[in-house]
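Here is what each chain is made of, one letter per residue.
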Amino acid sequence: MSGSAVTRAASLKSVAMPNGVGVASGLTLTSVDRERVLPVPRALAGLFPWGGLRRGSTVAVRGSVTVLLALLAEATAGGSWAGVIGMPRLGVVAAAELGVAVSRLALVPRPGPDLPAVAGALLDGVDIVVIAAAGRLQESHARRLSARARHRGAVLIPFGPWPGADLELAHVQSQWTGLQDGYGHLYAREMTVSARGRGSAVRPITTTVYVGPEGLSEQPIPSLTETMWPHQEEKASRPIELAAVDGVARRTSKA
């Protein structure tokens, strides 16, 4: 899938916007556009010194596909295009459930040895490029891709460690809720996410977010019985009376 992967990635320039104009094309971005910030979920906005995904930046995400998809969800819902490279197990259904506009999502699951070329082509044609290199890129190639994103005004989101990233989001810990006494349904997840980077982001920041059926939230998710299941009031116990029938005490219930 070498040459064909590059060709398909390059063709996104003509489908990302009408008239063959790529969203992240350097020809269509003014100096104001290059400083524009793409939106992120409100629950994560405090981790970004710019309040969102700044065009031209490299933001690495480590340890959480949920956080990755949440970033794509807010941006694609706002009309941005995104490409994901090297993640063959990424679930499109899960992405859609988290709010990703999959109609504006390009997937290159197995780029093969042409990974740098595929990534470069996508950076020329879409707003956000996710790349899972997993040791398949030399550091020099990684830095060139960050420089290309900076030049084109795109956002590069490596999934995993990345040399010279402007910001790195890391999943610290998680706790699921929903199980009681060994049974039940997992319905919500409490996640701790940290951010650290360069410049104004050099100081580490940590936040707690909650993941439920509606995506990420700043507030704890209500219990499943209060939201997803029809709430049924417990029936009041009926009083028991003793009645003498044929001289034998019997229990009766009042309706």
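Quick notes on the rules
Residues numbered from 1 in each chain as written. Predicted model: local features only at pLDDT ≥ 70, side-chain atom pairs only at ≥ 80, totals over all residues. Heavy atoms only, no water. Patch = residues over 30% accessible without salt bridge, like charges linked within 9 Å, V, L, I, M, F, W, Y side chains within 5 Å. Areas by Shrake-Rupley, 256 points an atom, 1.4 Å probe, with all protein chains shown as cover. Salt bridge = Lys/Arg side-chain N within 4 Å of Asp/Glu carboxyl O. Helix = DSSP H or I, 4+ residues; strand = E, 2+ residues; numbered from the N terminus. Axes fitted to C-alpha atoms, helices over the stretch in contact; angles between N-to-C directions. Parallel < 35°, antiparallel > 145°, perpendicular 65-115°, else oblique. Contact = heavy atoms within 4.5 Å. Buried < 20%, exposed > 50% of the residue type's maximum accessible area, 1.4 Å probe, protein only.

Asks: Which parts of the structure should I look at to understand a nonpolar patch on the surface?
Replies: A cluster of nonpolar side chains, contributed by Val92, Val102 and Leu107, occupies part of the molecular surface with about 210 Å² of accessible area. Among the secondary structure elements, valine 102 is positioned in the loop between helix H5 (92-97) and strand E5 (105-108).

Asks: Is there a simple way to think about the packing of helix H6 (residues 115-125) against helix H7 (residues 139-152) in this case?
Replies: Each pair of packed helices can be described by the angle between their axes along with the distance between the axes. Contact pair H6 / H7: the axes reach a minimum separation of 9 Å and the direction vectors enclose 10 degrees. In this view, H6 runs roughly parallel relative to H7, as classed from their interaxial angle. Residues Pro116, Ala119, Gly120, Leu123 and Asp124 of H6 touch H7, and the partners they reach there are His141, Leu145, Arg148, Ala149 and Arg152.

Asks: Looking at this model, I keep getting lost on the side chain of serine 80. Mind explaining?
Replies: Looking at where serine 80 falls in the secondary structure, it is placed in the loop between helix H4 (65-77) and strand E4 (82-85). By relative accessible area, which is 8% here, serine 80 ends up buried. Sequence-distant contacts of serine 80, defined by excluding residues within four places in its chain, comprise Leu38, Ala75, Arg104 and Asp127.

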